[in-house]
Amino acid sequence: MNQVSIATTKPTFKAQSPWQRGVAEFKGSTTAIVGLVLLLVIVLVAALAPWIVFQNPYDLMQLNVLDARLPPGTANIDGGYTYWLGTDGQGRDLLSAIIYGLRISLWVGIGSALIAAVIGTMLGLLSAYAGGWVDALLMRLVDLLLSFPVILMALMILAWLGKGVGNVMLTLVVLEWAYYARTARGQALTESRREYVDAARGQGIGPWRIVVGHILPNCLPPLIVIGALQIARAITLEATLSFLGLGVPITEPSLGLLIANGFQYMLSDEYWISFFPGLALLITIVAINLVGDRLRDVLNPRLQR
Amino acid sequence: MIGWLVRRLSQSLLVVLLMTLVVFIGLNAIGNPMDILVGEDLNQSERLAAIAHLGLDKPLWQQYLLFLQGAVYGNLGQSFVYHEDAMRLIVQRLPATFELAFSAMLLAVVLGVPLGMFAGTYPDHPLSRLLMATSIIGFSLPAFWVALMMIMLFSIKLGWLPASGRGATRELFGVQWSFLTLDGLQHLILPALNLALFKISLVLRLTRAGVREVLPQEYVKFARAKGLSPIRVMCMHVMRNTMIPLVTVLAMELGSTIAYAVVTESIFAWPGAGKLILDSINMLDRPVVVAYLMVVVVIFVVLNLIVDGLYYFLDPRVRVEVKP
């Protein structure tokens, strides 16, 4: 037996690309795998929501006010299905509403993070490449944005633009691009002093092709890490703003608004309307943070063994 | 020193001026406050008189200059809703917000520093691992949801603590404070703890990282070799060097605590400036929104200035000019 096991564990030396090594290292952490699986399930459920849930919580025709505020596990009057997590004040099936709310949260979080990443990275590269007054102006703007608390800026922008999912996303983009810009600029400045950039320049490759084709790919790892953590922050902020009544419209509640609506019923011991949407929010954010933390460890060149 | 101060002060002034412009122009783009305030039943001439009374008929740049002129004297206009000086409204509510924010910071330090010292000294202790895992959840928890759960558990189910308002207050220096009465303190616990949750995690992690960085250094070993008691080494030698980054981060966090009090105040019906601003945004009460934003911006810029000053005095390395 011993001989066999020694034979099978004989190390094989294969050339690994940085990405393969990253994937292998990511697998080393159980919590990160749990986070990733959770996240995939959440994204899948949210994406397939219309085919999974019992009712469309945003379609007023499908709601029955007589079914309002039923405790978890109650059967629906028509007997078609069970309200596993109860119903809210308008008679929505809470499970369906949570899954639809997750859709809004993920859409707002991922969408704003992607747009902010593209804009921020471009401006950061521009800042590093142009230098001079362009650099000074952009970086002072970044300093200004990052020095004020996010919630204050969000209140200011939403007081200015009004409510709505689109405006919340716009707010998030305005707040988030600065993180990517600062990181992309710093990374690009470091990378531009490397030998491979000199080599590319020596080959007569144009400045834009060097920036986009050579420097940008090497700036990506830290930007990906920021992206993951920013998605979690964006989802929390959207929920907070919706909770305060500054986010999504009342007819299409996101998780934050569901929690806010449940607040008034908590005093009469109907806890589930606020509890379950918050739990869904918490699980989503923890899953993203677990994956993000691991990505940071894996992609940080200073920690690579 | 004076050159540094002048440069830093003029930077701060520029930031404030820039923010007045952004705040003012931005808020002029929201819907016409006349529709909400005077209603439909006014005739045309009454409407125009009301607009003129509120100064909304002048061109935008003139409104801005008037606004700036007033701002220098602390006069940011009359509230459309309360018909009172907007600045006075904010200043009246600020002590309640400050009380909440300072209590939260105090909780963060009192709980975060000792726990962080423990986790830094014994990184492999099961309790330390538990603390670190809990602090990740502390970062991830949506604060407003935790607030609701706290109310449900401690106020509704257990009935230990009140969940809304400031309770009884007592006057000190001409201002009403909750922390001076037992009833007020009971009202303060839940909102302060809620606002502090994130800070406790932050302070814990910062202290832990600082302690772990300082502990292996030579002077700590030397202090131990001299035969000093572990407590003395911890308090006099380790903490002194851990405190510098901690103090600066805490000073910065105070500003964001005041801003995040908006959420906590609205849940616990704490009558501070944050609750006022939310109501004002919903009622399009422009002068109050502007006054609040300006006050918080100034608080923030002043805090930044103090932090930079602290760094200047505490850390000699900063004084070396780094020219780009």
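Residues numbered from 1 in each chain as written. Chains lettered and ligands numbered in written order. Predicted model: local features only at pLDDT ≥ 70, side-chain atom pairs only at ≥ 80, totals over all residues.

1. Here we look at the overall build of chain B
Put simply, the rule reads: Secondary structure elements follow DSSP: runs of H or I no shorter than four residues count as helices, runs of E no shorter than two count as strands, and numbering proceeds from the N terminus. Neighbour density around each residue's C-beta defines its exposure: 20 or more other C-beta atoms within 10 Å make it buried, 12 or fewer make it exposed, and counts between make it partly exposed, where C-beta atoms are placed from the backbone. In this description, any two residues whose backbone-derived C-beta atoms lie within 7 Å of each other are considered to be in contact.
Looking only at helices and strands, chain B features twelve helices and two strands. Ordered by position from the N terminus, the helices and strands of chain B form the series α-α-α-α-α-α-α-β-β-α-α-α-α-α. Counting the 324 residues in chain B, one finds 36% classified as buried. By sequence separation, contacts in chain B at least 24 residues apart represent 70% of the contacts at least 6 residues apart.

2. Looking at the environment of Glu191(A)
All names here are of chain A. Mapped onto the elements, glutamate 191 comes out in helix α8 (residues 165–191). The class for glutamate 191 is partly exposed, based on 19 C-beta atoms found within 10 Å. Between the alpha carbons of glutamate 191 and cysteine 219 there is a distance of 7.9 Å; along the sequence they are 28 residues apart. Apart from the residues lying within four places of it in its own chain, the contact partners of glutamate 191 are Val197, Ile215, Asn218 and Cys219.

3. Some thoughts on helix α5 (residues 94–130) of chain A
For clarity, the cut-off: Expected helix span is taken as 1.5 Å per residue step, with the number of steps being one fewer than the number of residues.
With 37 residues, α5(A) ought to run about 54 Å at 1.5 Å a step, and its terminal C-alpha atoms sit 52 Å apart, in line with that. Gly131(A) sits one or two residues past α5(A) and shows a positive phi near 65°.

4. Some words on the interface of chain A and chain B
We apply this condition: Each residue gets one label: Ala, Val, Leu, Ile, Met, Phe, Trp, Tyr, Cys and Pro are nonpolar, Asp, Glu, Lys and Arg are charged, and the others, such as Gly, are polar.
If you look at the interface, chain A gives 30 residues, while chain B gives 34 residues. Per element, the largest residue contribution to the side of chain A that touches chain B is seven residues, and it comes from helix α12 (residues 272–299) of chain A. Of the residues belonging to the side of chain A that touches chain B, the class tally is 21 nonpolar, eight polar and one charged.

5. Focus on the packing of α12(A) against helix α6 (residues 126–140) of chain B
The test is simple: Axes here refer to lines fitted to C-alpha atoms; in helices the fit is confined to the stretch in contact. Angles between the N-to-C directions go from 0 to 180 degrees. Orientation labels follow simple angle bins: below 35 degrees gives roughly parallel, above 145 gives roughly antiparallel, 65 to 115 gives roughly perpendicular, and whatever is left gives oblique. By convention, the crossing between two helices is left-handed when the near helix turns anticlockwise from the far helix through less than a right angle, and right-handed when the turn is clockwise.
With their axes 9 Å apart at the nearest point, α12(A) and α6(B) run at an angle of 120° to one another. It follows that α12(A) is oblique to α6(B) by the angle criterion. For the crossing formed where α12(A) meets α6(B), the hand is right-handed. The segment α12(A) lies against α6(B), with Leu282(A), Ile285(A), Val286(A) and Asn289(A) engaging Ile136(B), Ile137(B), Phe139(B) and Ser140(B). For the contact of α12(A) with α6(B), a count of residues per class yields six nonpolar, two polar and no charged.

6. Some remarks on the nonpolar core
For the record, the criterion: Nonpolar core, as used here: buried Ala, Val, Leu, Ile, Met, Phe, Trp, Tyr and Cys residues forming one set through C-beta atoms within 7 Å.
The biggest cluster of nonpolar side chains holds 154 residues, and the ones touching the most others in it are Leu155(A) and Tyr292(B). Examining the composition of this core, we find that 16 residues originate from one element, α5(A), more than from any other. Setting aside residues no more than four positions away along its own chain, Tyr292(B) makes contact with Ile90(B), Ala273(B) and Ile277(B).

7. Side note on the confidence of the model for chain B
Residue and element names in this part refer to chain B. The condition is simple: What pLDDT reports is the predictor's confidence in each residue, on a scale of 0 through 100.
Averaged over all residues, the pLDDT of chain B is 77; the fraction at 70 or higher stands at 84%. Of all the helices and strands in chain B, helix α2 (residues 33–38) carries the lowest mean pLDDT, 56, while helix α5 (residues 86–121) carries the highest, 86. Model confidence for the complex: the whole-complex pTM is 0.79, and ipTM, which rates the interface, is 0.74.

8. So, unusual backbone geometry
All names here are of chain B. The phi dihedral of alanine 269 is positive, around 50°, even though this residue is not glycine. Its place among the elements puts alanine 269 in the loop between α10 (230–268) and α11 (273–282). Take alanine 269: there are 13 C-beta atoms within 10 Å of it, and that puts it in the partly exposed class.

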